[in-house]
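Residue-level listing of the chains:
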Amino acid sequence: ERLRGYYADQGLSGPTFDAVAAAASGDEHSLLDFDRRLKALAEFAGLPEAPALAAANKRIRNILRKSEDAIPETVSVSLLQEDAERRLAIEVDSAIHETQDGLAERDYVAVLRRLSALREPVDAFFDKVMVMAEDPALRRNRLALLKRLADRFSAVAAVEHLSNA
């Protein structure tokens, strides 16, 4: 609570603090790493893409939490049927690849900036693809795609907390 108060005095919102704390819970992050994550998330929150991506992450987390399906670790390219899901799969793969070094170097600003470019393909996916398809293989594959996306965001912070701000 003292740390929360310290950051509140610096103008950082409670939801921003909660997003980093949720991602760091159980991990042994240093205070310096926590501070880097918090400041990167505060910068991300100021981007025009942030509200939509925070809401999408909240939606994804809710879908994943409610799913009774066993979610595969990988996405099967052969099961991608819709243009929007194929595009999102390509964009997520690219973003994961391009953010590896940033995560290793703890450059969370660069990671979140790269992930912010996913707003349009994420929006298109939710507009055009029914995640909970009747076909179990399609449904699990779509869930795996969404999990990959959400996991990359949560490697920095639980950005879905920003949708409560």
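Here we summarise the structure given alongside this text. This structure is a prediction, so every number in the text was calculated from the model and none was measured.

On to the side chain of Arg139. Take Arg139: it is sitting in helix α8 (residues 136-154). A relative accessible area of 16% means that Arg139 is categorised as buried. Within the structure, Arg139 has its side chain in polar contact with the side chain of Asp69 (distance 2.6 Å).

The next subject is the environment of Lys128. Residue placement: Lys128 occurs in helix α7 (residues 119-128). Sequence-wise, Lys128 and Ala19 are 109 residues apart; in three dimensions their C-alpha atoms are separated by 29 Å. Ignoring sequence-local partners within four residues, the contact set of Lys128 consists of Glu82 and Ala84.

Once that is clear, we can look at the packing of helix α5 (residues 83-104) against α7. Contact pair α5 / α7: the axes reach a minimum separation of 9 Å and the direction vectors enclose 150°. Here α5 lies roughly antiparallel to α7, going by the angle between them. The element α5 and its partner α7 pack so that their crossing is left-handed. Every residue of α7 that contacts α5 at Ala84, Glu85, Arg87, Leu88 and Glu91 is listed here: Glu120, Pro121, Val122, Ala124, Phe125 and Lys128. Looking at the contact of α5 with α7, its residues break down into six nonpolar, no polar and five charged.

Conventions and cut-offs
- Residue numbers run consecutively from 1 along every chain, following the written order of its sequence.
- For a predicted model such as this one, the threshold for reporting local features is a pLDDT of at least 70, and the threshold for listing and counting side-chain atom pairs is 80 or more; totals across whole chains, interfaces and linings nevertheless cover every residue.
- Remark: hydrogens and water are excluded; side-chain values derive from all non-hydrogen atoms of the structure.
- Segments assigned H or I by DSSP are reported as helices when at least four residues long, segments assigned E as strands when at least two residues long, and all are numbered from the N terminus.
- Note on exposure labels: buried denotes an accessible area under 20% of the residue type's maximum, exposed denotes more than 50%, and partly exposed covers the range between, all computed with a 1.4 Å probe on protein chains only.
- For this analysis, a polar contact is any N or O atom pair within 3.5 Å, provided that within protein one partner can donate a hydrogen and the other can accept it, and provided that sequence-adjacent residues contribute only side-chain to side-chain pairs.
- Whether two residues are in contact is decided by their heavy atoms, any of which lying within 4.5 Å being enough.
- An axis is simply a line fitted to the C-alpha atoms; with a helix, the fit covers only the stretch in contact. Between two such axes, the angle follows the N-to-C directions and lies from 0 to 180 degrees.
- Note on angle classes: values under 35 degrees are labelled roughly parallel, values over 145 roughly antiparallel, values of 65 to 115 roughly perpendicular, and the remainder oblique.
- By the definition used in this description, the sense in which the near helix is turned from the far one sets the handedness, with an anticlockwise turn below a right angle giving left-handed and a clockwise turn giving right-handed.
- Just so you know the grouping, Ala, Val, Leu, Ile, Met, Phe, Trp, Tyr, Cys and Pro go in nonpolar, Asp, Glu, Lys and Arg go in charged, and all remaining residues, Gly too, go in polar.

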